[in-house]
Amino acid sequence: MSSTTPMTPIPLSRKPAGQDLSGPRTACIRTFGCQMNVHDSDRIRRMIQDAGYAEVQRYEDADLVILNTCYVRENAVDRVRGHLGELGRLRREGRVKRVALTGCIGAAQESAALKRTYDIDLVLGTHNTYELAEFVGLPTMRETYTPELPGTEGEHNAFVTIMTGCNYQCSYCIVPTVRGRMICRPMEGVIGEVERLVAGGTEYITLLGQTVDAWRYEGKRFCDLLEAVSQIAPRVWFTTSHPSNMEDRTLRAIGERDTIVERLHLPVQSGSDRMLKVMHRGYKAERYRRKIEVFREAAPDGTLSTDIIVGHPGETEEDHEKTLELVEDCAFDSAYIFKFSPRRGTEAATMPGAVPDAIVQRRFLEVLRQIERNAFQRNQRKVGDVEEIYIRHGSTEDGKAIGETWSGHAVHVRTDAAPGTYVKARIESAGPHVLYAGEPSR
Ligand code: SAM
Ligand code: SF4
């Protein structure tokens, strides 16, 4: 649970074998923001590998640095500015030679000023990332490096983009501006990619998009696609969903299909109908509650998470109380709580009724405490259960791996089992964010 989206480190990939690495041939990719950006970085990685670059993790070891950025909140931009400042210094020292900025900031107006201030060599948005190919010395490959291109294959888990962009116009959100309108990928393309990934050893498929449940293609709807994928892949999840598009049959499928992880991320943003209207979310709190009832009935053990914005312009104490009521009623297992951040070009950026920082902070903490209280109570119910745990990240120095139950709970478990495998272990204790398992029985 947090107020910010963490910067996601990208694992080091293998050095490209048999390629000419003479000259300026090391690159460092830094990813900021959501899973869509992590997935885009995978495509960028393919390009730099094809161009003969070896990937390195430190800026000072890189000839080329690519910052793949997020624009959703102002602090994301501030963080990127910090990195650009550091890169300017390394460039003056002759250590880094070229800097490229891609992703959501690249698609925003502000990017022109950043390019000038920090003397960035190349700025690309989310729709023309393929132009990076030319920049790194490959022929322009518009067709090859489109969303159709799969990410890294052969990993134990993989993201599969099923749609890009978004057709909503939420008052606060910059995504439709920087990612464009929704484009759904054809069903055959998605299925073909899932089949290839599974044949190559991928265990866990996550279907990805800003509003995945809005996916439609030639009469097929998201639930049809999810069911088809769940028959091919051994383990499936999807994110992010929009409450207005979420069908009851999808919620039931989560409970019925053995291969779908019983974990639902359904952003609500606010519990106040008045605020939901101001935000243009297209549903009322009661409709959201009904969806959650269907989910809880379909998957009583499953986990539910959400996104909540506190301090949107015009949010009153009464609106905030309604959010707290909804949080209590839905008993979320976790939540991303965001303080409103004005994004230039969005409707909310110029709305009257700004909420003072001190009030935003208090509301943030009140929502957070309530979420943690509920999550802690729900997690306690798992203590004593023996669970099949999928290992997501292998053990670190402390000997603990991070896994996930079929109910979508995160678990710390003492094992050296490899990522992508399963262990069975008893849950010994639980905190608000994570369960702790004993030694696996195997
Ligand atoms: N498409 C998803 C949906 O509608 O639920 C969410 C995508 S958005 C990248 C992720 C989350 O960031 C949103 O659910 C919202 O809570 C938060 N967010 C977006 N814009 C924001 C802003 N201007 N200030 C604060 N939080 C924001
Ligand atoms: Fe942004 Fe709303 Fe689209 Fe989500 S649904 S990406 S919050 S505009």
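Look a little higher up for the structure.
Residues numbered from 1 in each chain as written. Chains lettered and ligands numbered in written order. Predicted model: local features only at pLDDT ≥ 70, side-chain atom pairs only at ≥ 80, totals over all residues. Heavy atoms only, no water.

Visitor: Hey, could you run me through the overall build of the chain in this one?
Guide: For the chain, the count of helices and strands is 12 helices and 20 strands. Expected size for 442 residues packed as a compact globule is a radius of gyration near 22 Å; at 22 Å, the chain falls within 12% of this value. Here the C-alpha coordinates of the chain stretch approximately 60 × 60 × 50 Å along the principal axes. Residue pairs at least 24 apart in sequence account for 74% of intrachain contacts in the chain once pairs closer than 6 positions are excluded. Surface exposure of the chain reaches about 19,000 Å², of which carbon and sulfur atoms provide 49%. Between the centroid of the 58 positive side chains of the chain and the centroid of its 62 negative side chains there is a distance of 3 Å. (Helix = DSSP H or I, 4+ residues; strand = E, 2+ residues; numbered from the N terminus. Rg over C-alpha atoms; globule rule 2.2 N^0.38 Å. Contact = heavy atoms within 4.5 Å. Areas by Shrake-Rupley, 256 points an atom, 1.4 Å probe, with all protein chains shown as cover. Lys, Arg positive; Asp, Glu negative; His and termini not counted. Charge placed at Lys NZ, Arg CZ, Asp CG, Glu CD.)

Visitor: Hey, could you run me through the packing of aromatic side chains in this one?
Guide: Here the distance between the centres and the angle between the planes together describe a pair of aromatic rings. Enumeration over the complete set of coordinates arrives at 7 aromatic pairs. Ring centres of F222 and F238 lie 5.1 Å apart, and the angle between their planes is 65 degrees; this geometry places the pair in the edge-to-face category. You can see F222 sitting in helix 7 (residues 222-232) and its partner F238 sitting in strand 12 (residues 235-239), a full 16 residues away along the chain. F238 shares its class with F222; the two are buried. One aromatic cluster in this structure is built from Y204, Y390, W406 and Y422. A cation over an aromatic ring shows up here: R25 above the ring of Y53, its NZ or CZ 4.9 Å from the ring centre. (Phe/Tyr/Trp six-rings, centres within 6.5 Å; stacked < 30°, edge-to-face > 60°. Buried < 20%, exposed > 50% of the residue type's maximum accessible area, 1.4 Å probe, protein only. Lys NZ or Arg CZ within 6 Å of the ring centre and 35° of its normal.)

Visitor: Is there a simple way to think about empty space enclosed by the protein in this case?
Guide: Left-over empty space is what a probe sized like a water molecule reveals as it rolls over the atoms. Tallying each qualifying case throughout the model produces 3 cavities of 30 Å³ or more. Estimated volume of the second largest cavity: approximately 40 Å³. It is helix 2 (residues 74-92) that contributes the most residues to the lining of the second largest cavity, 4 residues altogether. In the lining of the second largest cavity, the residues fall into 5 nonpolar, 1 polar and 2 charged. (1 Å grid on protein atoms, 1.4 Å probe; cavity = no way out; pocket = protein on both sides within 12 Å on 5 of 7 lines; lining within 4 Å. Points joined across faces, edges and corners; volume = space filled by probe spheres on them. Nonpolar A, V, L, I, M, F, W, Y, C, P; charged D, E, K, R; others polar.)

Visitor: In this structure, what is going on with the nonpolar core? I would like to understand it.
Guide: Note that soluble globular proteins tend to have their nonpolar side chains buried in a common cluster. Judged by nonpolar contacts, the single largest core of 53 residues is most densely connected at I162, L207, V229, F238, L264, Y288 and F332. Within the second largest apolar cluster, 25 residues are counted, among which are V77, L84, L87 and L101. (Core = buried A, V, L, I, M, F, W, Y, C linked by side-chain atoms within 4.5 Å.)

Visitor: What's the story with the state of the cysteines in this structure? I'm lost.
Guide: Two cysteines, two sulfur atoms, one covalent bond between them: this is a disulfide. For the structure on display, the rule yields 0 disulfides. No disulfide involves C104; its sulfur sits 6.1 Å from that of C70, the nearest cysteine. (Disulfide = S-S within 2.5 Å.)

Visitor: Would you mind going over the site of ligand 2 with me for this structure?
Guide: Contacts to ligand 2 come from C166, Y168, C170, Y172, C173, V175, P176, Q210, T211, H242 and R281. Looking at the shell around ligand 2 residue by residue, the classes come out as 7 nonpolar, 3 polar and 1 charged. (Near = heavy atom within 4 Å.)

Visitor: Teacher, can you tell me more about the sheet that holds strand 18 (residues 410-414) here?
Guide: Note on sheets: strands pair through backbone hydrogen bonds, and any given pair is parallel or antiparallel. Spatial ordering of the closed barrel is given by 16-17-18-20-19, a layout of 5 strands whose pairing is mixed. Going across the sheet, the axis of each strand differs from the next one's by a mean of 50 degrees, ignoring polarity. Of the strand pairs in this sheet, strand 16 (residues 386-393) and strand 19 (residues 422-430) are connected by 5 bridges, and their pairing is antiparallel. Bridge assignment links I389 to a residue of strand 19, and that residue is V423. (Pairing = 2+ DSSP bridges. Axes fitted to C-alpha atoms, helices over the stretch in contact; angles between N-to-C directions.)

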